[in-house]
Amino acid sequence: MIHKHSLLFHIFLTVFVCGFLLSCEKEYNSIYDQSPDERLRKTLDAYNDLLLSAPHGWKGTLKTKLGPVFFYYFDFHTEGKVTMLADFNQTTAGTAAEGTWVLKALQRPTLSFDTYSYIHLPADPNGNVNGGDNGSGLLSDFQFAIASTAGDSIVLEGIQNKSSITLTKVTQPEVTQLTSGQMKNMLQYVASHKGLRLTLPDKTTIPLAISTLTKTIASQYLSADGSEIEEFTTPFTFSPSGISLTTAFTIAGASFKELHWDVDKQEFYVDATRRIINDNSLFILTPSIPLSSTLGSKYAFLQVPENTDFYPLLGQSNEFLSLYSKARESMLAGDYKLTLKQMDFVFKPSTHTLLIDVYVTQNGNLFLGQYMYTYELNEAGIFKFTFNQANDVAWAIQGDLSGLLSYIDNDTFTVKYIGGAHQLLGGMFSQENTNFSFSGYLGN
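Residues numbered from 1 in each chain as written. Predicted model: local features only at pLDDT ≥ 70, side-chain atom pairs only at ≥ 80, totals over all residues. Heavy atoms only, no water.

Some remarks on the sheet that holds strand S15 (residues 267-271)
Either a parallel or an antiparallel arrangement is found when strands of a sheet pair, and the pairing is made through backbone hydrogen bonds.
Consideration 1: Reading around the circumference, S9-S10-S11-S12-S13-S14-S15-S16 is the order of the eight strands in this closed barrel, with antiparallel pairing throughout. For this sheet, the mean inter-axis angle between neighbouring strands, taken without regard to orientation, is 30°.
Consideration 2: Alignment of S15 against strand S16 (residues 274-278), held across two bridges, turns out to be antiparallel. The residue of S16 that forms the bridge with aspartate 271 is arginine 274.
Consideration 3: Docked against the sheet, helix H6 (residues 182-192) engages strand S9 (196-199), strand S10 (205-211), strand S12 (229-239), strand S13 (242-251), strand S14 (254-262), S15 and S16, running at close to 155° with respect to S12. (Pairing = 2+ DSSP bridges. Helix = DSSP H or I, 4+ residues; strand = E, 2+ residues; numbered from the N terminus. Axes fitted to C-alpha atoms, helices over the stretch in contact; angles between N-to-C directions. Contact = heavy atoms within 4.5 Å.)

Some details on helix H8 (residues 318-333)
Consideration 1: With 16 residues, H8 ought to run about 22 Å at 1.5 Å a step, and its terminal C-alpha atoms sit 22 Å apart, in line with that.
Consideration 2: Restricting attention to buried positions, one finds in H8 the residues Phe320, Leu321, Leu323, Tyr324, Ser325, Ala327, Arg328 and Met331.
Consideration 3: Where the residues of H8 are buried, they touch strand S18 (301-304), strand S19 (339-348), strand S20 (353-362), helix H10 (398-410) and strand S25 (437-443). (Expected span 1.5 Å × (residues − 1). Buried < 20%, exposed > 50% of the residue type's maximum accessible area, 1.4 Å probe, protein only.)

Observations concerning the packing of aromatic side chains
Consideration 1: A full pass over the atoms with the stated rule returns 32 aromatic pairs.
Consideration 2: The interplanar angle of 40° and the centroid separation of 4.9 Å between the aromatic rings of phenylalanine 345 and phenylalanine 438 together place this pair among those described as tilted. Placement of the pair is phenylalanine 345 in strand S19 and phenylalanine 438 in strand S25, with a sequence separation of 93 residues.
Consideration 3: Looking at lysine 416, its charged tip hangs above the ring of phenylalanine 429, at a distance of 5.2 Å from the centre. (Phe/Tyr/Trp six-rings, centres within 6.5 Å; stacked < 30°, edge-to-face > 60°. Lys NZ or Arg CZ within 6 Å of the ring centre and 35° of its normal.)

Comments concerning the confidence of the model for the protein chain
Consideration 1: Averaged over all residues, the pLDDT of the protein chain is 91; the fraction at 70 or higher stands at 92%.
Consideration 2: Counted against residues more than four places away or in other chains, residues 4-30, with its pLDDT under 50, gives one contact. (pLDDT = per-residue confidence, 0-100.)

Some points on the sheet that holds strand S8 (residues 164-169)
Consideration 1: The strand order around the closed barrel built from eight strands is S1-S2-S3-S4-S5-S6-S7-S8, with neighbouring strands paired in antiparallel fashion. With direction set aside, neighbouring strand axes in the sheet form an average angle of 35°.
Consideration 2: As defined by bridge partners, strand S6 (residues 143-150) adjoins strand S7 (residues 153-158) across six bridges and the pair is classed as antiparallel. Across the sheet, the residue bridging to isoleucine 146 is leucine 156, located in S7.
Consideration 3: Along the sheet face, helix H5 (residues 172-179) touches strand S1 (58-63), strand S2 (69-76), strand S3 (81-86) and S8 and points at about 110° away from the line of S2.

Digging into the pattern of salt bridges
Consideration 1: Summed over the entire model, instances satisfying the criterion amount to 14 salt bridges.
Consideration 2: For glutamate 267, the salt bridge identified is with arginine 275, shortest N-O distance 3.0 Å.
Consideration 3: With its nearest N and O atoms 2.8 Å apart, the salt bridge here joins arginine 328 to aspartate 309. Of this pair, arginine 328 sits in helix H8 while aspartate 309 is found in the loop between S18 and H8, placing the two residues 19 residues apart along the sequence.
Consideration 4: Residue aspartate 309 is classed as buried on the basis of its relative accessible area, which comes to 18%.
Consideration 5: Each of Arg108, Glu157 and Lys162 takes part in a single network of salt bridges with overlapping partners. (Salt bridge = Lys/Arg side-chain N within 4 Å of Asp/Glu carboxyl O.)

As for H10
Consideration 1: When the terminal C-alpha atoms of H10 are compared, their 16 Å separation across 13 residues is substantially less than the 18 Å that a helix rising 1.5 Å per residue should span.
Consideration 2: Inspection of H10 places Leu401, Leu404, Leu405, Tyr407 and Ile408 among the buried residues, and these make up the whole buried set.

If you want it as structure tokens, here you go:
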């Protein structure tokens, strides 16, 4: 049985608590003069005004989740349109495109590019568009939360894949360079010049390889003591005035992080004394410890990649490419309908053995054809190969590869380091037939 005084006390306590909470709510409401929706609208309006405040537009660096980095130019307009350029390819660099944009109130204020435009290319799920994986592309975004602002910059974070863009305001000279097609000219130069060289202050010349697909720049050069090969690779983006390296390249006491574009000469330079030249001759590196001494130890194999006749490597002669193409086509047209994949030349110095591992596929299944040779290596670094044996798959494709294998069977070879690609190459050069040489990536 509830006591009368106890019941009155509980009623009083309940009324008191409710009154207290109501007074707190009134006090809470008094802190904000606007509703949450009004405050959000005010925030979006402020970001909208900021995006429109750049008189010449914005430049931005898009970092995709898979690695490639792209340069963008955006000019936002009041009617929800945006004009853009990008260093994605020569078309996007030279032809301005128009898209649409909108600020949305998602979990955070979000900038959304809501019609297909240049910003969608890295995010396209079709790998043929951007070189990424089918179904996901380069894991980029076209909806970005506004993460922070500071002065004349805005940091955006991708909603789905966490790619990022840092926007900064463009100057009048920069927008002139961008809209006059200079970025397109830079891409054309890189695409048409494969023998780029840079001479350093100490008169040393090094190769430079620039890939617009992976957005990386690479070089190979002799170590300070001249005994081995060192390699440098860094991502880069194009800029209104040239190429910006993510990591500075330091070599022989010199360092640089920018390749400037000479508008008049239509070529790159580092400074007044260091200009980029083009030389299509092979860049042979000759350390004091030759490649013949490191095959099988530092480098286990030399790999000729799939479809090398479509994408030839430096050091692959026309004769080699012709025989490779015939072998690939013959396998595909043959009874087994085989697709030629990579070929690995595996050196085993402990037994003086060379294994030529030829990988083929049939209906998606991978098979290995293996040819075993023994070899002699003389003091001049010249290899002589003698056929030993082969497995069943190797015998099945021997007729397709006979043109290539005949050189291995009958010629002698020197091996040399080749610079100027995006990975260090090893080349094998026939001593009897100067028209036959081939190369592959050195790996372990």
